[in-house]
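Results of the structural survey
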Amino acid sequence: MAVQSDSGGKDDVKTQFVTREGTYRLMTLSEYSRPNRVGYTSGSGSTHVRVSLVTLPPGAAPGSDGPTSEDRICFNHGKELYVYVYKGIKKAADLTKPVDKKMYKGTNPTCHDFNTVTMTPDSVSLVIGFSTGQIQLIDPIKKELSKLYNEERLIDKSRVTCIKWVPGSSNLFIAAHASGQLYVYNEELTCGTTAPQYQLFKHGDGYSIHTCRTKSTRNPLYRWIIGAESCINEFAFSPCGTNLAVVSQDGFLRCFHYDTMELVGRARSYFGGFLCVCWSPDGKYVVVGGEDDLVTVWSFSERRVVARGQGHRSWVSVVAFDPYIVSLGEPDTEDTREDKSESAQSYRLGSVSQDTQLCFWDLTEDVLKPAVRARASTHLSPNSNNICSNGIPSTKVLQKCPKNNKIGHKHAELGGNNAAGEPSAAKAAKSKTNNISTLNINVGKAKEEACGSLGVNFTQRLAALSFGERRSDHRRNFSLTKSTDKSSAANTVALRGKSAGAQTNDSCDPVKLIGTPSCPRFDECPVLEPLVCKKIAHERLTALLFRSEYFITACADGCVNTWSRPLRSAPGPTRRDRVDLTD
């Protein structure tokens, strides 16, 4: 069989599964969680457990013969935040000795991120976003740093949904909120005592960017308003740091060139909102998941959806590329395009969902390349001889990220001294240290923003469409039925001038985007099947991180698990032979 899918009862949770490269096993001794495993309940608390992992630079550890490097893992659960020394699969976790533990009152930590630019063997900055809109900066190792941003909620009162450091920057980070707004902060600056005043800086199709009048001395530096004030669920920088992909509750993926603040491409979910986003290791593809229960693959160079993956039975909460199982092959040329076989381009993708299942997907060249896919589809469907390239450009123009890119962004230029990502010569004045690990924020619960949808009738019509016939051949584990003869319009982005208040137009109408490269119909796009689909938890899965020797998952009950990879001697993932996947 080609796909392992679990549909058993609640107790049918897998502790190992087999793929073509070998067996993945759950390492029970490497489980991280709250020291007291009694379930945490909170009427207004968040059950979305996030995991951040960082590898510190080598340093002289006590009792060691030479420099050693250590990992730190951070995760939140309810009103609690934990930081541990992470041993991976080498040593059992000691839950009684956290590096740092914090309990918050009146608010929940919702997201966090380590700063890999300024970290040292004995220091690392951790920025944390909260359900009531505040942001905190701490050093969980030295415990000498504690700063608060948006403390009085004058910048934004809604939940912080995603927070990340700007790649290559020592002091800039970005926070996205449920209000549909995204803010750029300089950690060396404070926030004002009054609500910030903004002025329009740039606007385009479905977005506008504003600067803060006091950006040289106060946060935030910039405010991005994306979509019709629909919740921003997640954003991600491309591997080179040049492009920024943002997914929102309005069902749109929007990709921006971060330096120029220009919208360069977008995609639309089949229905519902997009919840998660990830870039491929080479920056050529963006994968998103969301409330349509699908995994959607969007080509950055071609500005179109190239494939969808069907395998989950509930909302997809996290998508992540496995950078250690990937074959990028050779650049396409007329001389080598027909000769490539074992060196063909392929990617491994993982996804977890609220259905408690983990799925692995293989994105191979016969799915991603239009010409190869058109030839392959003639072997899949007897009625696919008249397939036309609906929405597929006749030529492919790759736009690669520049190597050794340095973030010299306008955000940084106007953000005070050393705001361009360069290490500061003089440290910022030390703020008042908070030695108490309790942040008492007695504020009311932030309003939940109403999220737009396409309506029940439209959703039912979409759900009734065929997802294609399931097939067992790993080489071409996707479906592509006969497409229509009409050709779609090219997916170009017209950034024309408009008033600051105008945020939507006909080009953002989700119904009108059905059948275009931004949201092709199911008969115009391959539908992938997962390589493996396993139930690995009792609660909703909320995190997935890949490392060279293992990968990490987390679920809503606060349990963070480590899975060991197959032995190095196992067959490589690029083999095309068909295998029988059984436990």
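Structure report, in brief. The residue numbering used here restarts from 1 in each chain and proceeds along that chain's sequence as written. In view of the model being predicted, local features appear only for residues whose pLDDT reaches at least 70, and side-chain atom pairs are presented and counted only at 80 or more, with totals across whole chains, interfaces and linings using the full set of residues. Based on all heavy atoms of the structure, the side-chain values leave hydrogens and waters out of the count.

**Details of the overall build of the protein**
A run of H or I in DSSP counts as a helix once it spans at least four residues, and a run of E counts as a strand once it spans at least two, with each numbered from the N terminus. Each helix and strand in the protein was counted, giving five helices and 38 strands. Residue contacts follow a heavy-atom distance rule, with two residues in contact if any of their heavy atoms lie within 4.5 Å. Within the protein, counting contacts between residues at least 6 apart in sequence, those at least 24 apart form 64% of the total. Entry remark: accessible area of the protein is about 24900 Å², with carbon and sulfur atoms responsible for 49%. Here, Shrake-Rupley sampling with a 1.4 Å probe gives the accessible areas, and only protein chains in the shown set may cover a residue.

**Some details on the sheet that holds strand β12 (residues 146-149)**
Two strands qualify as a pair provided that DSSP identifies no fewer than 2 bridges between them. With respect to topology, four strands assemble into an open sheet ordered β9-β10-β11-β12, the strand pairing being antiparallel. Two strands lie at the open edges of the sheet, namely β9 (109-114) and β12, each paired on one side alone. Pairs of neighbouring strands in the sheet enclose a mean axial angle of 20°, with direction left out of account. Fitted lines through C-alpha atoms serve as axes, helices being fitted only where they are in contact, and the angles separating the N-to-C directions of these axes extend from 0 to 180 degrees.

**Observations concerning the pattern of salt bridges**
The working definition used for a salt bridge is a side-chain nitrogen of Lys or Arg within 4 Å of a carboxyl oxygen of Asp or Glu. Inspection of the entire model under this criterion finds 13 salt bridges. The closest approach of N and O atoms between Glu21 and Arg348, which form a salt bridge, is 2.7 Å. One end of the pair, Glu21, is in the loop between β1 (16-19) and β2 (22-32); the other, Arg348, is in strand β30 (residues 346-353), and 327 residues separate them in sequence. An identical accessibility class is assigned to Glu21 and Arg348; each is buried. The salt bridge partner of Lys202 is Glu262, with a shortest N-O separation of 3.1 Å. Of this pair, Lys202 sits in strand β17 (residues 198-204) while Glu262 sits in strand β24 (residues 262-268), placing them 60 residues apart in sequence. Only protein chains enter the accessibility calculation, which uses a 1.4 Å probe; a residue is then buried when its area is under 20% of its type maximum, exposed when over 50%, and partly exposed in between. Judged by relative accessible area, which is 26%, Glu262 ranks as partly exposed. A network of salt bridges, in which partner residues are shared, links Arg20, Glu21, Arg348 and Asp362.

**Overview of the side chain of Asp362**
Within the secondary structure, Asp362 is located in strand β31 (residues 357-364). By relative accessible area, Asp362 is classed as buried at 9%. At 2.6 Å, the side chain of Asp362 and the side chain of Arg348 are in polar contact. Not counting residues within four places of it along the chain, the set of residues in contact with Asp362 comprises Arg20, Tyr347, Arg348 and Leu531. N or O atoms closer than or at 3.5 Å make up a polar contact, with two conditions inside protein: a donor-capable atom paired with an acceptor-capable one, and, for residues adjacent in sequence, both atoms drawn from side chains.

**Topic: the layout of surface pockets**
There is about 1500 Å³ of room inside the largest pocket. For cavity detection a 1 Å grid was placed over the protein atoms alone, and a set of points counts as a cavity when a 1.4 Å probe fits there but cannot get out; an open set counts as a pocket when protein lies on both sides within 12 Å along at least five of seven lines, with lining residues being those that have an atom within 4 Å of a point. Taken together, 47 residues line the largest pocket, and the ones lying closest to its centre are Asp113, Lys164, Cys278, Leu545 and Arg547. With six residues, strand β29 (residues 316-327) is the largest single contributor of residues to the lining of the largest pocket. Classification convention: Asp, Glu, Lys, Arg as charged; Ala, Val, Leu, Ile, Met, Phe, Trp, Tyr, Cys, Pro as nonpolar; all other residues, Gly among them, as polar. Classifying every residue of the lining of the largest pocket gives 30 nonpolar, 12 polar and five charged. Grid points are joined across faces, edges and corners, and a volume is the space filled by probe spheres set on the points.

Purely geometric numbers; function is a separate question.
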